[in-house]
Amino acid sequence: MTTAPPPGAPRARSGTEAWRPRARRATAWSSLVGLLFALGAAVVVRAWRDELPAQVASHWSRGGVPDGFMSPTALVLVGLASTVALCGLFAAIGLTQGAAASTRRITAAGCVWSGAFMAAVVVGTLAPQRGLADPSQVGLSGAALLTAVLLPLVPAGIAAALVPGDPAMPAAEAVPADAPRTALRDGERAVWLRRATGGPGLAVGAVAVALTTLAAALTAEWTMLVVPVLLAALFVTMFAFTVRVDPSGLTVRSAARWPGTHVPADEVVRASVTQVRPLRDYGGWGWRTARDGRVGVVLRGGQALLVQRTGGRSFAVTVDDAAEAAALLNTMADRARSR
Amino acid sequence: MWRIDPASDDPLYAQLVAQVRLGVAHGTLRPGERLPSARELAASLELNMHTVLRAYQVLRDDGTLELRRGRGAVVASTATDLTDVERAVADLAAAARRAGLSVQTTTTLVTEAMHR
């Protein structure tokens, strides 16, 4: 069994850059939508200009008493600048790493969320201060803050759904002869099924949920309980995946049914076994996107199934017995080419 | 890995049964390990779900699997230890090779011995 070179080193030559226009398109319209949200907030604030105090509360101390003030215009500008900064971060990810549709979806959702979040913060901060002579009396509502975080998830989700998936890119060349294969007779069917688990995910998740619950209890701020709930939801989707290699290709799906992905057999350039170092290769654990369109489901360090895919993409999942999976996937890729 | 050869003389369910027994014998399937759901396995191998269920039932009846509602098919903790058989088979294969016997002749000898 050959071990593949580190992910990122080998790149398919043909069509490697075909994703760039798609990444530019997704980044451009989602940045625009994000900015429009922030500008929309500016328009609303302008309509309120006669009702707002000259200095509005913009920051609150821990007890919920305002301790920072600025003019409404300055607040709007801060919101706009933050939108540009946040959105720029997501745009940079999309433009440099957006070879896979899932990465472009993160960019689009991130840009739209940034703009909508900043708009919600600005409007939510100023709405209760209309008609107030003394802004130092205005309180900060946890529910409003919660709404500002959660409500923008709706347009963000829509934006992610609007990003088209990767177009079918069947490989033009055969699977390399030196790639491992499974000996199957003509007409013989085979499937490889395995659960990918392990790593620090479960422990980290339990500790994070416990600590944030404790923090919410200690501060007696019930809206803060949403943090452990969201964290628990995130960890439930991220700590166990099922991996399946069958005639259709490779399917990796969270034990919670979502998220998941499918690599069609005819887009497999080569499957192999690799050693993954979570932090160095993928910057952490969970569903990862990294440079050069590399996507990884990284639950632990060590052995992983690595699939080099057409269009310069790659997908890795940390799973035991990856050699068997790689061999069968190469064989299924052979079959897909001869169909 | 699960394989099905429709061209084989063995019935489809028997092919699945043989693979689970082999997996347990080789230690690739450990006690407590959960097998894929009948629905998933049937879909992946283009089999009727009843074929897979039949295989699981045969394996439950001989004590290899436990079928639990909600948890599906789990390798039984009492699954027969086949290491002795494994060792004897390895010895038999080596002896047959030394004697220059074909696979077919060796298999016939084993079949005969089993029916004795």
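Residues numbered from 1 in each chain as written. Chains lettered and ligands numbered in written order. Predicted model: local features only at pLDDT ≥ 70, side-chain atom pairs only at ≥ 80, totals over all residues.

(A) Seen up close, the overall build of chain A. Counting its regular elements, chain A contains nine helices and 11 strands. Projected onto its principal axes, the C-alpha positions of chain A cover 85 × 45 × 30 Å. Scored against the burial criterion, the 339 residues of chain A give a buried share of 39%. Considering only contacts in chain A between residues 6 or more positions apart, those separated by 24 or more positions represent 69%. (Helix = DSSP H or I, 4+ residues; strand = E, 2+ residues; numbered from the N terminus. Buried ≥ 20, exposed ≤ 12 C-beta atoms within 10 Å, placed from the backbone. Contact = placed C-beta atoms within 7 Å.)

(B) Broad picture of the packing of helix α3 (residues 101-126) of chain A against helix α5 (residues 153-162) of chain A. All names here are of chain A. At their nearest, the axes of α3 and α5 sit 8 Å apart, and the two run at 155 degrees to each other. In this view, α3 runs roughly antiparallel relative to α5, as classed from their interaxial angle. For the crossing formed where α3 meets α5, the hand is right-handed. Contacts between α3 and α5 involve Arg105, Ala108, Ala109, Val112, Trp113 and Ala116 from the first element and Leu153, Pro155, Ala156, Gly157, Ala159 and Ala160 from the second. Grouping the amino acids of the contact of α3 with α5 by side-chain chemistry returns 10 nonpolar, one polar and one charged. (Axes fitted to C-alpha atoms, helices over the stretch in contact; angles between N-to-C directions. Parallel < 35°, antiparallel > 145°, perpendicular 65-115°, else oblique. Left-handed = near helix turned anticlockwise from the far one by under 90°. Nonpolar A, V, L, I, M, F, W, Y, C, P; charged D, E, K, R; others polar.)

(C) Broad picture of the packing of α3 of chain A against helix α4 (residues 142-150) of chain A. Residue and element names in this part refer to chain A. As a packed pair, α3 and α4 sit with axes 8 Å apart at the nearest point and diverge in direction by 155 degrees. With respect to α4, the element α3 is oriented roughly antiparallel. Handedness of the crossing formed by α3 with α4: right-handed. Here Phe117, Ala120, Val121 and Gly124 of α3 lie close against α4, whose contacting residues are Ala144, Thr147, Ala148 and Val149. Of the residues contributing to the contact of α3 with α4, the split by class is six nonpolar, two polar and no charged.

(D) How the structure looks around the nonpolar core. Residue and element names in this part refer to chain A. Within the largest apolar cluster, 100 residues are counted, with the highest numbers of intra-cluster contacts made by Leu305, Val317, Ala325 and Leu329. For this core, the element with the highest residue contribution is α3, accounting for 15 residues. Setting aside anything within four residues of it in sequence, one finds Val317 in contact with Ala196, Phe241, Val243, Val252, Val297, Ala304 and Leu305. (Core = buried A, V, L, I, M, F, W, Y, C linked by C-beta atoms within 7 Å.)

(E) The arrangement of the sheet that holds strand β9 (residues 294-298) of chain A in detail. Residues and elements named next belong to chain A. Read from one edge of the open sheet, five strands run β7-β10-β11-β9-β8, paired in mixed fashion. The sheet is open, and its two borders are formed by β7 (268-276) and β8 (286-290), each paired with just one other strand. With direction set aside, neighbouring strand axes in the sheet form an average angle of 20 degrees. When β9 meets strand β11 (residues 313-318), the two strands line up parallel, connected through four bridges. Bridging from a neighbouring strand, Val295 pairs with Phe315 of β11. Across the sheet, helix α9 (residues 322-338) lies against β7 and β10 (302-309), angled at about 170 degrees from β7, the strand it touches most. (Pairing = 2+ DSSP bridges.)

(F) Representation of the environment of Arg130 of chain A in the model. Residue and element names in this part refer to chain A. Within the fold, Arg130 resides in the loop between α3 and α4. A count of 12 C-beta atoms within 10 Å places Arg130 in the exposed class. A C-alpha to C-alpha distance of 5.1 Å links Arg130 and Glu51, two positions 79 residues apart in sequence.

(G) Highlighting the interface of chain A and chain B. Contact with chain A, which involves 12 residues of that partner, is made by 11 residues of chain B. Contributions of two or more residues to the side of chain A that touches chain B are made by β3 (189-196), β4 (241-246) and α9 of chain A. Examining the composition of the side of chain A that touches chain B, we find that five residues originate from one element, β3 of chain A, more than from any other. Grouping the amino acids of the side of chain A that touches chain B by side-chain chemistry returns five nonpolar, one polar and six charged. Here three bridges tie β3 of chain A to strand β1 (residues 2-4) of chain B, and the two strands are oriented antiparallel to one another. Bridge pairing in β1 of chain B places Ala190 of chain A opposite Arg3 of chain B.

(H) A look at helix α4 (residues 83-98) of chain B. Here α4 of chain B is 16 residues long and its end C-alpha atoms lie 23 Å apart, about the 22 Å a rise of 1.5 Å per residue gives. Counting buried residues along α4 of chain B, only zero of its 16 residues qualify, which leaves the element largely exposed. (Expected span 1.5 Å × (residues − 1).)

(I) The sheet that holds β1 of chain B, seen in detail. Pairing in this open sheet of five strands is antiparallel, and the strands run β6(A)-β5(A)-β4(A)-β3(A)-β1(B) from one edge to the other. The sheet terminates laterally at β6 (260-264) of chain A together with β1 of chain B, the two strands that pair on one side only. When strand polarity is set aside, the average angle formed by the axes of neighbouring strands in this sheet is 10 degrees. In this sheet, strand β5 (residues 249-254) of chain A lies alongside β4 of chain A in antiparallel orientation, the contact comprising six bridges. Across the sheet, Asp246 of chain A pairs through a bridge with Gly249 of chain A, a residue of β5 of chain A.

(J) The arrangement of the domain arrangement of chain B in detail. Domains assigned within chain B are domain 1 (12-75) and domain 2 (83-115). Here domain 1 of chain B and domain 2 of chain B have C-alpha centroids that lie 27 Å from each other. (Domains from an automatic or database assignment.)

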